[in-house]
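Breakdown of the fold
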Amino acid sequence: MLAKQKGMTFLGFLIVAIIGLSLVLAGIKIVPNYIEFFSVKKTLTSVSNQPNFSSMTNAEIITSFDKSANINYITVINGRDLMISTGVNGENVISVQYEVVEPLAFNLSALMDFKASSAK
């Protein structure tokens, strides 16, 4: 009596391996952008939690952000990209919005749109 074949054919294995490898390589290119975004959020929060934040001028906020961004190796934005406004309670609110286009392979790219704010 013949036993049924178990497992995957070589061609099936190659297809699954190519798909898996493509996903891993895309993740390797995309994940650093998200790590930098979380650093941007952390920097916005740390600047807004400074004791004299409510009395800071826009130039002081930009300078403070630039110093923190330099320490945290943030290269995607700088202080000139910040949008500084007044919140509902009269406090300063820092927000930023930016896009990152990461080329993946050939003519395929990933567009990531990031928004962060110091509003609580």
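This write-up is about the structure you can find in this document. Just so you know, the residues in each chain are numbered from 1, in the order the chain's sequence is written. At least 70 in pLDDT is required for a residue's local features to be given in this predicted model, at least 80 for side-chain atom pairs to be given and counted, and no such filter applies to totals for whole chains, interfaces and linings, which use all residues. Neither water nor hydrogens contribute to the side-chain values; these are computed over all heavy atoms in the structure.

1. As for the layout of surface pockets
Empty space among the atoms becomes visible once a probe the size of a water molecule is rolled across them. Grid spacing is 1 Å over the protein atoms alone, the probe is 1.4 Å, and a cavity is where that probe fits but cannot get out, while a pocket is an open set with protein on both sides within 12 Å along at least five of seven lines and lining residues have an atom within 4 Å of a point. Grid points are joined across faces, edges and corners, and a volume is the space filled by probe spheres set on the points. Of the volumes computed, that of the largest pocket is approximately 160 Å³. Taken together, S22, L25, A26, K29, L104, A105, F106 and L108 make up the lining of the largest pocket. Elements with a contribution of two residues or more to the lining of the largest pocket: helix 1 (10-48) and strand 2 (92-105). Per-element tally for the lining of the largest pocket: the top contributor is helix 1, with 4 residues. Classification used: nonpolar for Ala, Val, Leu, Ile, Met, Phe, Trp, Tyr, Cys and Pro, charged for Asp, Glu, Lys and Arg, polar for all others including Gly. Class assignment for the residues of the lining of the largest pocket results in 6 nonpolar, 1 polar and 1 charged. Numbering of helices and strands runs from the N terminus, with a helix taken as a DSSP run of H or I at least four residues long and a strand as a DSSP run of E at least two residues long.

2. Quick look at the nonpolar core
Ranked by size, the top nonpolar core spans 19 residues in total, and within it V40, L44, F65, I77, I94, V96 and Y98 carry the most contacts. Taken together, the elements giving at least two residues each to this core come down to helix 1, helix 2 (58-71), strand 2 and strand 3 (108-117). It only takes one pair of heavy atoms within 4.5 Å for two residues to be counted as in contact. Ignoring anything within four residues of it in the chain, the contact list for Y98 reads F37, V40, V76, I77, M112, D113 and F114. Residue types Ala, Val, Leu, Ile, Met, Phe, Trp, Tyr and Cys, when buried and joined through side-chain atoms within 4.5 Å, form a set referred to as a nonpolar core. Per-residue accessibility, obtained with a 1.4 Å probe over protein chains only, is compared with the maximum for each type, and a residue is labelled buried under 20%, exposed over 50%, and partly exposed between these values.

3. Quick notes on the sheet that holds strand 2
Between any two strands, pairing holds if DSSP finds at least two bridges. With antiparallel pairing, the 3 strands of this open sheet are ordered in space as 1-2-3. Edge positions in the sheet fall to strand 1 (83-86) and strand 3, since each has one partner strand and no second. The average undirected angle you get between the axes of adjacent strands in this sheet is 20°. The sheet contact formed by strand 2 and strand 3 spans 10 bridges and is antiparallel. Bridged to S95 within strand 3 is S117. To obtain an axis, a line is fitted to C-alpha atoms, over the contacting stretch when the element is a helix, and the angle between two such axes runs from 0 to 180 degrees between their N-to-C directions.

4. Brief notes about the pairing of strand 1
One ladder, built from 4 bridges, connects strand 1 with strand 2; its direction is antiparallel. Across the sheet, residue S85 finds its bridge partner in strand 2, namely V93. Count of turn residues in the strand 1/strand 2 antiparallel hairpin: 5 residues, of which G90 carries a positive phi of about 90°.

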